[in-house]
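Coordinate inspection notes
Chain residues, written in single-letter form:
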Amino acid sequence: MHDATLQRFRQSIDNIDAALVFLLAERFKVTQAVGRYKADEGLPAADPGREEAQIARLRSLARDADLDPEFSEKFLRFIIDEVIRHHRSMQDGGPAA
């Protein structure tokens, strides 16, 4: 069955998913540089105050965008946890992963 309307929706979803992948790649390039800087300077891998401020800010943005703030927090927490894992690995002398 070929449904042209559904196909257009799916193409748009595919484009959005591709944009998300590229955005995440850019974000992780920057956070890898931050991790290297923190490791070189002896700074802690995690910054709980910064993390909580970011979560609060993005929850507010999510509400403004009519997106479930709980979902946005879970998504951001997943990303933050992965970044911290990379930063800890760098501080231990390992690669960023």
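Going by the structure above, here's the rest.
Along each chain, the written sequence defines residue order, and numbers are assigned to residues from 1. At least 70 in pLDDT is required for a residue's local features to be given in this predicted model, at least 80 for side-chain atom pairs to be given and counted, and no such filter applies to totals for whole chains, interfaces and linings, which use all residues. Derived side-chain values reflect all non-hydrogen atoms in the structure, with water molecules and hydrogen atoms excluded from consideration.

Quick notes on the overall build of the protein chain
What the protein chain contains, in helices and strands, is three helices and zero strands. We count a stretch as a helix when DSSP gives it H or I for four or more residues in a row; a strand needs E for two or more, and each element gets its number in order from the N terminus. The helix and strand sequence of the protein chain, counted from the amino end, reads α-α-α. In terms of overall dimensions, the protein chain has C-alpha extents of about 60 × 30 × 15 Å along its principal axes. Sorting the 97 residues of the protein chain into buried and exposed places 24% on the buried side. Here a residue-residue contact requires only that any non-hydrogen atoms of the pair lie within 4.5 Å. For the protein chain, the share of sequence-separated contacts (at least 6 apart) that also reach a separation of at least 24 residues comes to 60%. The protein chains shown are the only cover counted for residues, whose accessible areas, like all others here, come from Shrake-Rupley with a 1.4 Å probe. Carbon and sulfur atoms make up 60% of the accessible area of the protein chain, which totals about 7,200 Å². Counting rule applied: Lys, Arg positive; Asp, Glu negative; His and chain ends not counted. A single reference atom marks each charge: NZ on Lys, CZ on Arg, CG on Asp, CD on Glu. For the protein chain, the centre of its 14 positive side-chain charges and the centre of its 17 negative side-chain charges are spaced 1 Å apart. Exposure categories follow from relative accessible area, calculated using a 1.4 Å probe and restricted to protein chains: below 20% of the type maximum is buried, above 50% is exposed, and the middle band is partly exposed.

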